[in-house]
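In case you want the letters, here they are:
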Amino acid sequence: NIAVITSMDADHLDIYGEHSSLLDSFHLFAKKVVADGTLYVRYGQPFHAELEDITLHKYGIENGAHYRAANISIDNGDYYFDLITPHNTIAQLKLGMPGIHNVENAVAAASIAIQMGVSEEKLRSGLASFAGVKRRFEYIIKTEDMVYIDDYAHHPTELEAAIKSARQLYPDKKIKGIFQPHLYSRTRDFAEGFAKSLSLLDEVVLLDIYPARELPIEGVTSQLIFDKITIDNKTLCTKQQLLSVINNTPTQVLLTLGAGDIDQLVQPLKQQFTA
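Please read these numbers as outputs of a predicted model, since none were measured by experiment. (Residues numbered from 1 in each chain as written. Predicted model: local features only at pLDDT ≥ 70, side-chain atom pairs only at ≥ 80, totals over all residues. Heavy atoms only, no water.)

Trainee: Please explain unusual backbone geometry as it appears in this structure.
Mentor: Generally, phi is negative for residues other than glycine and the peptide bonds are trans, each holding for most cases. One non-glycine residue with positive phi stands out, namely aspartate 36, at about 70°. Note on placement: aspartate 36 falls in the loop between α2 (19-30) and β2 (38-42). What makes aspartate 36 exposed here is its relative accessible area of 73%. Of note, leucine 183 is a non-glycine position whose phi angle comes to about 85°, a positive value. Residue position: leucine 183 is located in the loop between β9 (175-179) and α6 (184-198). (Helix = DSSP H or I, 4+ residues; strand = E, 2+ residues; numbered from the N terminus. Buried < 20%, exposed > 50% of the residue type's maximum accessible area, 1.4 Å probe, protein only.)

Following this line, the structure appears as C-alpha cells:
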C-alpha cells in the first residue's frame, strides 16, 4: 500500500551486473504498490517508471520535493527542521539521530506517519526519541575529550554521508576514519568513489578487504583505494596491526566504517580509549 525508495545508487553489481539492471528492479518494485497506494521517492533519484493509479510523492531537503525539511539546524548534537508538506508546515521537529541523511529518512517516515493519521504530538515525540539502530552512526564514546562513532557504511555515498555528518557535528575537530572495504567486486567497481569519500577525512586508516561471499579477484586489494586517496595522512594496515597503529596517534573524533567484521574491533578500540 505504501512504499519508499531512498536510494538507487549503483551497488551489488556482482548480482545485478549493470546499474541499469538495478534501476529496472526498483521500477519493478514500485509497480508492486497496489492501486490507490502511495510511493515516496527521494528527490533527485533516477526514477522514471510510469505508474497507474498510484500517488507518487518526492521527498527530501530540496525545494522541488513535495515533502521536505527546511530551516535545518544543529543544536548540541541534535538536528532540528521544519517539515513542509503540500498541506501545512510543522515547525521545529527534533530528530534524535544525527546526520543530514537521517533528516531525509525522517522526512519520509514523518510523511507516511501523517498519511496514516499520526498526530503532530506523537510525530514530535517519536522523532525526538528514536535512537536509531545498531551500527548506523552509533555513538560508542561521547565525552568532552573524544567522540567515537561506529557506522555500517560500505558504499561511497554512505561513507560520504557519515563523514559529512561527523564534520557538521564537529567542525573544529580532526576526524579519523578506519575503513574496511567489503567485497572484492565492490572495491574494484568503486575504488575511485571510495577514495574520494575517504579523502574528506583528516586521517584514514584502511584495512584489508573483507571477502564475505566472494573469492579473491586478481589484482584487487585495498591498495586500489589507498593509492587514490588524496590526503597525505593515510595508513594501510591489517586488522591485527590496527590497535597499535591507532594507539600511536592522538584522536579527537574516530569513525569505524564498514560492513564486514570490523564490528569485532569496536569493543577493543573502546577499551583502548577508556582504559
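Trainee: Can you walk me through the nonpolar core in this structure?
Mentor: Here is a general trend for soluble globular proteins: nonpolar side chains tend to be buried in one another's company. Formed by 49 residues in total, the largest nonpolar core has its most connected members in Phe81, Leu198 and Ile225. Tallying contributions element by element places helix α3 (residues 100-115) first for this core, with 7 residues. Every residue in contact with isoleucine 225, bar those within four places of it in the chain, is listed here: Phe179, Pro181, Thr187, Ala191, Phe194, Ala195, Leu198 and Leu206. Counting 15 residues, the second-largest nonpolar core is a separate cluster that includes Val205, Cys237, Leu242 and Leu254. (Core = buried A, V, L, I, M, F, W, Y, C linked by side-chain atoms within 4.5 Å. Contact = heavy atoms within 4.5 Å.)

Trainee: Got a minute to help me understand the sheet that holds β9 in this structure?
Mentor: Sheets are built from strands that pair by backbone hydrogen bonding, the pairs being arranged parallel or antiparallel. Strand order in the open sheet formed by 6 strands is β7-β8-β12-β9-β10-β11, and the pairing between neighbours is mixed. The open sheet has two free edges, formed respectively by β7 (138-142) and β11 (234-236), since each of these has just one partner strand. Taken over all neighbouring pairs, the strand axes of this sheet differ in orientation by 15° on average, direction set aside. Bridge count between β7 and strand β8 (residues 147-151): 4 bridges; the pairing is antiparallel. Residue glutamate 138 lies in a different strand from β8, and its bridge partner there is aspartate 150. Strands β7, β8, β9 and β12 (253-257) of the sheet are contacted by helix α9 (residues 266-274), whose axis makes an angle of about 20° with β7. (Pairing = 2+ DSSP bridges. Axes fitted to C-alpha atoms, helices over the stretch in contact; angles between N-to-C directions.)

Trainee: Any chance you could explain a nonpolar patch on the surface here in plain terms?
Mentor: On the surface, a nonpolar cluster with roughly 250 Å² of combined accessible area is contributed by Ile2, Met116 and Val118. Of note, valine 118 is situated in the loop between α3 and α4 (120-129). Assessed through its relative accessible area of 36%, valine 118 is described here as partly exposed. (Patch = residues over 30% accessible without salt bridge, like charges linked within 9 Å, V, L, I, M, F, W, Y side chains within 5 Å. Areas by Shrake-Rupley, 256 points an atom, 1.4 Å probe, with all protein chains shown as cover. Salt bridge = Lys/Arg side-chain N within 4 Å of Asp/Glu carboxyl O.)

Trainee: Would you explain the packing of aromatic side chains in this entry?
Mentor: Here the structure, examined in full by the defined rule, presents 3 aromatic pairs. Each ring, one from phenylalanine 179 and one from phenylalanine 194, has its centre 5.3 Å from the other, and the planes form 40°; the classification is tilted. With a gap of 15 residues between them, phenylalanine 179 in strand β9 and phenylalanine 194 in helix α6 connect regions that are remote in the sequence. A single burial state applies to phenylalanine 179 and to phenylalanine 194, both of which are buried. Taking the ring centre of tyrosine 139 as reference, the NZ or CZ of lysine 142 above it sits at 4.4 Å. Across the ring face of phenylalanine 226, the terminal group of lysine 234 is positioned such that the distance to the ring centre comes to 4.7 Å. (Phe/Tyr/Trp six-rings, centres within 6.5 Å; stacked < 30°, edge-to-face > 60°. Lys NZ or Arg CZ within 6 Å of the ring centre and 35° of its normal.)

Trainee: Is there a simple way to think about the pairing of β12 in this case?
Mentor: Regular strands show a simple pattern: their side chains alternate between the two faces of the sheet. Among the 5 residues in β12, 5 count as buried, and that is most of the element. Taking every second residue as pointing to the same face, both faces of β12 are buried, with Val253, Leu255 and Leu257 on one and Leu254 and Thr256 on the other. In this structure, β8 lies alongside β12, joined through 5 bridges in parallel fashion. Residue pairing for β12: aspartate 151 is matched across the bridge by leucine 257. Note: β9 against β12, 5 bridges, orientation parallel.

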